[in-house]
Amino acid sequence: MKKLPVSAMLLAALCNILFGSAIPAIKLGYELFNMDGDIFSSILYAGIRFFSAGVVVFIFTSFSQKKLPSFKKQNATDVVLLGLVYIFLQYLFFYIGVSNVPGTVSTLLTSSSVFISIILAHFAYKDDKITVKKAMGSIIGFTGVFIVCISGLSGKGFTISGEGFVFVSSFMFVFGSMIHKKVSKDISSFVATAYNFLIGGFLLILVGLFGYEGGIEVTFLGCIALMYLIFVSSFATTLWSTLLKKYNIGDLSIFNFLIPVSGAIFSGLLLGENIFNLRYIISLLLVCAGIIAVNFKVKTR
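Residues numbered from 1 in each chain as written. Predicted model: local features only at pLDDT ≥ 70, side-chain atom pairs only at ≥ 80, totals over all residues. Heavy atoms only, no water.

Re the overall build of the protein chain
Broken down by element type, the protein chain carries 12 helices and 0 strands. Its C-alpha atoms give the protein chain a radius of gyration of 19 Å, near enough to 19 Å, the size a compact globule of 301 residues would have. Referenced to the eigenvectors of the C-alpha coordinate spread, the extents of the protein chain come out at roughly 60 × 55 × 35 Å. Buried positions account for 51% of the 301 residues belonging to the protein chain. Of the contacts formed within the protein chain by residues at least 6 apart in sequence, a portion of 87% connects residues at least 24 apart. (Helix = DSSP H or I, 4+ residues; strand = E, 2+ residues; numbered from the N terminus. Rg over C-alpha atoms; globule rule 2.2 N^0.38 Å. Buried < 20%, exposed > 50% of the residue type's maximum accessible area, 1.4 Å probe, protein only. Contact = heavy atoms within 4.5 Å.)

Examining the packing of aromatic side chains
Under the criterion given, the structure shown has 19 aromatic pairs. For the ring pair Tyr30 and Tyr45, a centre distance of 6.0 Å and an interplane angle of 55° mean the geometry is tilted. Residue Tyr30 is located in helix α1 (residues 6–32), and its partner Tyr45 is located in helix α2 (residues 39–65); the two are separated by 15 residues in the primary sequence. Tyr45 gets classed as buried once you look at its relative accessible area, which sits at 2%. (Phe/Tyr/Trp six-rings, centres within 6.5 Å; stacked < 30°, edge-to-face > 60°.)

Side note on the nonpolar core
The biggest cluster of nonpolar side chains holds 35 residues, and the ones touching the most others in it are Tyr45, Tyr95 and Leu204. In terms of residues, this core owes the most to one element, helix α3 (residues 76–98), which gives 8 residues. If you look at the next biggest cluster of nonpolar residues, it comprises 18 residues, including Val105, Val114, Val145 and Ile291. (Core = buried A, V, L, I, M, F, W, Y, C linked by side-chain atoms within 4.5 Å.)

As for the environment of Met172
Mapping Met172 onto the fold places it in helix α7 (residues 160–183). A relative accessible area of 18% means that Met172 is categorised as buried. Considering only alpha carbons, one finds Met172 and Phe158, 14 residues apart in sequence, at a separation of 20 Å. Among residues more than four places away in sequence, those in contact with Met172 are Val85, Leu89 and Gln90.

Looking at unusual backbone geometry
Its identity is not glycine, yet Lys66 carries a phi of approximately 60°, on the positive side. Among the structural elements, Lys66 can be located in the loop between α2 and α3.

So, the packing of α3 against α7
Where α3 contacts α7, the two axes come as close as 7 Å, and the packing angle between them is 160°. The angle between α3 and α7 falls in the class roughly antiparallel. Classified by chirality, the crossing of α7 by α3 is left-handed. Of the residues belonging to the contact of α3 with α7, the class tally is 18 nonpolar, 8 polar and 2 charged. (Axes fitted to C-alpha atoms, helices over the stretch in contact; angles between N-to-C directions. Parallel < 35°, antiparallel > 145°, perpendicular 65-115°, else oblique. Left-handed = near helix turned anticlockwise from the far one by under 90°. Nonpolar A, V, L, I, M, F, W, Y, C, P; charged D, E, K, R; others polar.)

Observations regarding the packing of α2 against helix α9 (residues 220–246)
Packing of α2 against α9 leaves a shortest axis separation of 9 Å and a crossing angle of 50°. Of the possible angle classes, the one that applies to α2 and α9 is oblique. As for how α2 packs across α9, the hand of that crossing is right-handed. Contacts between α2 and α9 involve Tyr45, Ile48, Arg49, Phe50, Ser52, Ala53, Val56 and Val57 from the former and Ala225, Leu226, Leu229, Ile230, Val232, Ser233, Ser234 and Thr238 from the latter. Class assignment for the residues of the contact of α2 with α9 results in 11 nonpolar, 4 polar and 1 charged.

A short note on helix α4 (residues 103–110)
Here α4 lies mainly inside the structure; 8 of its 8 residues are buried. Residues Gly103, Thr104, Val105, Ser106, Thr107, Leu108, Leu109 and Thr110 constitute the buried set of α4.

What to know about a nonpolar patch on the surface
Taken together, Phe51, Val55, Ile59, Phe63, Phe202 and Leu206 make up a surface patch of nonpolar side chains, about 570 Å² in accessible area. Broken down by secondary-structure element, the contributors of at least two residues to the nonpolar patch are α2 and α8 (189–210). The leading source of residues in the nonpolar patch is α2, at 4 residues. When you line up the elements, Phe202 lands in helix α8. (Patch = residues over 30% accessible without salt bridge, like charges linked within 9 Å, V, L, I, M, F, W, Y side chains within 5 Å. Areas by Shrake-Rupley, 256 points an atom, 1.4 Å probe, with all protein chains shown as cover. Salt bridge = Lys/Arg side-chain N within 4 Å of Asp/Glu carboxyl O.)

Considerations on the environment of Gly97
Tracing the sequence through the fold places Gly97 in helix α3. A relative accessible area of 0% means that Gly97 is categorised as buried. Along the primary structure Gly97 and Gly162 are separated by 65 residues, whereas in three dimensions their C-alpha atoms are 4.2 Å apart. Here Gly97 is in contact with Ser161, Gly162, Phe165 and Val166, once residues within four sequence places are set aside.

Regarding the side chain of Thr110
Assignment of secondary structure puts Thr110 in helix α4. You can call Thr110 buried: its relative accessible area is 15%. A polar contact is formed between the side chain of Thr110 and the backbone oxygen of Thr107, at a distance of 2.8 Å. Residues within four places of Thr110 in sequence aside, it is in contact with Ile23, Phe94, Val166 and Ser170. (Polar contact = N/O pair within 3.5 Å; in protein donor to acceptor, adjacent residues only side chain to side chain.)

The structure is reproduced here in structure tokens:
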């Protein structure tokens, strides 16, 4: 893999800042569309976001490759499984969970995927075992997540449909990432991303329409928030996949600490949440420290 240049560092930082901004943008969208925590409206909202992002990536890939994105028949099962796990299941739980907890809490909980991936990778890959550094970083990070769960920052205490669902979505994200890694060996990451969004988004729309009772009130500002989320999904995800193709994942992952940081800042700015709660600040520092510790590399001569 190539050494990480300054330009790649800046792009990696931009991707993670955009990823972190998504959660408060989702919750803002709930308010602007007047969903009031309705489950099926939230799922439909997620489906429209990802299916639209899939269309954007599909069109972009078609023009850049000068042909329609396609894959071989033997890859069909993996592509469908990717859309089912990485988008449908992950965001089915994620959008319901986020609707039940504050944006600041959701951002911290989703950061647990970094530490979950370390544990699962230990059992899935022979060349990615847990080291002392990874173990210590994970313990520090999970301590921060644990404080969030027991400190009552959500105002309700730990709930299955809130914090529990966000945790499940983090597992789906890690599992889906493993499938994505396998799929990307045989087909372009752009093609995989396009069909991933289209399949997962379509399934979310079907589930959302199944129980939809007209809970969405279309507004101009709501559409702006939705367009921003579509932009984050299509642009940031595609850019991140491109960086992963060219550079070492370990060099890029250290920038993941920007996700909870930007999520907290945007939650304060967009949602008016109190991000200066001492317990939250301690949790945020522990999670960021854990992410950095896990990915930090000591250079040797």
